[in-house]
Amino acid sequence: MYINSGYLHNSLLDFKDKTRPLVVGSCGTYRLIKQPRLPTYRPKGRIDYQLLYIASGKGHFFLDNKEEIIDAGHMILYRPREMQKYIYYGTDQTEVYWVHFTGNRVKNILKEYHLFESASVIQVGNSPEYHQMFRKMIQELQLTKPHYEEYLSLLLNELFLLISRHHPESSRQNRYLQKEMELAAQFFNEHFTEEISIEDYSASRHMSTCWFIRNFKRYHNLTPMQYILNLRITNAKTLLRTTTYSVSEVASIVGYDNPLYFSRLFKKQVGIPPSDFRNQAVPPDDFIHNKKP
């Protein structure tokens, strides 16, 4: 049997660490060559998380008291205190990578990448990139170069990102999310001068308002209302600089019936009132006199 592994601070004990977002405790690989079997049984589990990657062959896992044969190209996640029982057989020529980790943001990180939401086993395919990521983590734990702990957390986070991109279910979710957020941005660009209800828009797309706002911000780095406000202020600045419309007319054009409210918003966003913004030095040729947009 071939084995290669590394442990944080050379300790084989599992641990819980809530002081940092993500901490790699250990990482390693097994490859059965002549060993007939390699069983693992932890009735009370571990106090950290464990991620297993079946690189070749197969593993026999007992999940929910039922034996499941997991083929190469799958990853299995064990959460803290979750019973672990699995066996690798030499006849299967099994090769497995594993990493143990902890931290105060593990749940959120897995949720952000849509990983292991509905099952503890996911299909990820057999990519050389996975092998490289695990080997890098093993090496970092063994060499303990400067700042290796921080680098380990970055490597594990990169592994999660890689899994998310390769995981079919996650890919479908990402494509759906991308399509919906791009449609929303297009709608706001076409209708920002009108009164827009975020609740009505999300309902028209069969989405909850909270889900829509959260994912719109995740995709565009702005909430829907911030996005609309940016569109209005940006276009107001263009009108103030390139036309002779009054401040009240500009306010109405970009979607505000109350010019005083518009002026307050404009000053808050730009730092100066609309009239002062217009009075800043602008070449005369920049104005389009009395030309309606």
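Owing to the predicted nature of the structure, the values given are computational and were not obtained by experimental measurement.

A. Broad picture of a positive patch on the surface. Taken together, the side chains of Lys16, Lys18, Lys44, Arg79, Arg81 and Lys107 present a region of like positive charge at the surface. Looking at Arg81, the relative accessible area reads 61%, which means it is exposed.

B. Structural view of unusual backbone geometry. In this model, Asn65 sits at a positive phi of 65 degrees, which is unusual for a non-glycine residue. Its place among the elements puts Asn65 in the loop between β5 (58–63) and β6 (66–71). A positive phi is found at Thr144, a non-glycine position, where the angle reads about 45 degrees. With respect to the helices and strands, Thr144 occurs in the loop between α2 (128–143) and α3 (148–166). Of the residues examined, Thr144 reaches a relative accessible area of 41% and is grouped as partly exposed.

C. Seen up close, the nonpolar core. Leu51, Met75, Phe101, Met137, Leu159, Phe160 and Ile163 are the most contacted members of the largest nonpolar core, which has 36 residues in total. If you list the elements that add at least two residues to this core, you get β2 (23–31), β4 (49–56), β7 (74–78), β9 (95–102), α1 (106–112), α2 and α3. Looking at this core, the element that brings in the most residues is α3, giving eight residues. Setting aside residues no more than four positions away along its own chain, Met137 makes contact with Val24, Cys27, Val99, Leu152, Leu155, Leu156 and Leu159. Ala184, Phe188, Phe192 and Tyr201 belong to the second-largest nonpolar core, a separate cluster that totals 15 residues.

D. Quick peek at the side chain of Glu140. Following the sequence through the fold, Glu140 ends up in helix α2. Within the buried core, Glu140 has no salt-bridge partner, and the shortest N-O distance to an opposite charge, that of Lys145, equals 5.2 Å. Filtering out sequence-adjacent residues up to four positions away, Glu140 remains in contact with Tyr148, Tyr151, Leu152 and Leu155.

E. View of the pattern of salt bridges. In total, this model carries six salt bridges according to the counting rule given. Taking the shortest distance from any N to any O, the salt bridge between Arg20 and Asp17 comes out at 3.0 Å. On the basis of relative accessibility, which here comes to 13%, the residue Asp17 falls in the buried class. Each of the salt bridges in this network shares a partner with another, and the network as a whole consists of Asp17, Arg20 and Glu149.

F. A look at the packing of aromatic side chains. Summed over the entire model, instances satisfying the criterion amount to 25 aromatic pairs. Taking the centre distance of 5.7 Å and the plane angle of 55 degrees together, the rings of Phe212 and Phe216 count as tilted. Here Phe216 and Phe212 lie together in helix α6 (residues 209–220), a separation of four residues that amounts to about one turn. Relative accessible area serves as the criterion here: at 0%, Phe212 is assigned to the buried category.

G. The packing of α2 against α3, seen in detail. Axis separation between α2 and α3 bottoms out at 10 Å; the angle between their running directions is 165 degrees. When the axis of α2 is compared with that of α3, the two are roughly antiparallel. Here the hand of the crossing between α2 and α3 comes out left-handed. Note on element contacts: α3 touches α2 through Tyr148, Tyr151, Leu152, Leu155, Leu156, Glu158, Leu159, Leu162, Ile163 and His166, opposite Glu129, Tyr130, Met133, Phe134, Lys136, Met137, Glu140 and Leu141. Its residues assigned to classes, the contact of α2 with α3 comprises 13 nonpolar, one polar and four charged.

H. Highlighting the sheet that holds β6. The four strands lie next to each other as β3-β8-β5-β6, forming an open sheet whose pairing is antiparallel. Edge positions in the open sheet fall to β3 (37–42) and β6, since each of these has one partner strand only. Neighbour-to-neighbour, the strand axes of this sheet turn through a mean angle of 20 degrees, independent of strand direction. In the sheet, β5 pairs with β6 via six bridges, with the strands oriented antiparallel. From the neighbouring strand, Phe62 faces β6, where its bridge partner is Glu67.

I. Spatial organisation of the sheet that holds β9. If you trace the six strands from one edge of the open sheet to the other, you get β1-β2-β9-β4-β7-β10, paired in antiparallel fashion. Taken across any chain shown, the strands that pair with only one partner, and hence form the sheet edges, are β1 (2–7) and β10 (121–123). Pairwise comparison of adjacent strand axes, ignoring direction, gives a mean angle of 15 degrees for this sheet. Taken together, the five bridges between β4 and β7 define a ladder with antiparallel strand orientation. Counted as the bridge partner of Gln50 is Tyr78 from β7. Across the face of the sheet, α2 comes into contact with β1, β2, β4, β7 and β9 while running at roughly 115 degrees to β2.

What counts, and at which threshold
Residues numbered from 1 in each chain as written. Predicted model: local features only at pLDDT ≥ 70, side-chain atom pairs only at ≥ 80, totals over all residues. Heavy atoms only, no water. Patch = residues over 30% accessible without salt bridge, like charges linked within 9 Å, V, L, I, M, F, W, Y side chains within 5 Å. Areas by Shrake-Rupley, 256 points an atom, 1.4 Å probe, with all protein chains shown as cover. Salt bridge = Lys/Arg side-chain N within 4 Å of Asp/Glu carboxyl O. Lys, Arg positive; Asp, Glu negative; His and termini not counted. Charge placed at Lys NZ, Arg CZ, Asp CG, Glu CD. Buried < 20%, exposed > 50% of the residue type's maximum accessible area, 1.4 Å probe, protein only. Helix = DSSP H or I, 4+ residues; strand = E, 2+ residues; numbered from the N terminus. Core = buried A, V, L, I, M, F, W, Y, C linked by side-chain atoms within 4.5 Å. Contact = heavy atoms within 4.5 Å. Phe/Tyr/Trp six-rings, centres within 6.5 Å; stacked < 30°, edge-to-face > 60°. Axes fitted to C-alpha atoms, helices over the stretch in contact; angles between N-to-C directions. Parallel < 35°, antiparallel > 145°, perpendicular 65-115°, else oblique. Left-handed = near helix turned anticlockwise from the far one by under 90°. Nonpolar A, V, L, I, M, F, W, Y, C, P; charged D, E, K, R; others polar. Pairing = 2+ DSSP bridges.

Note that all results are geometric; they support no functional claim without further evidence.
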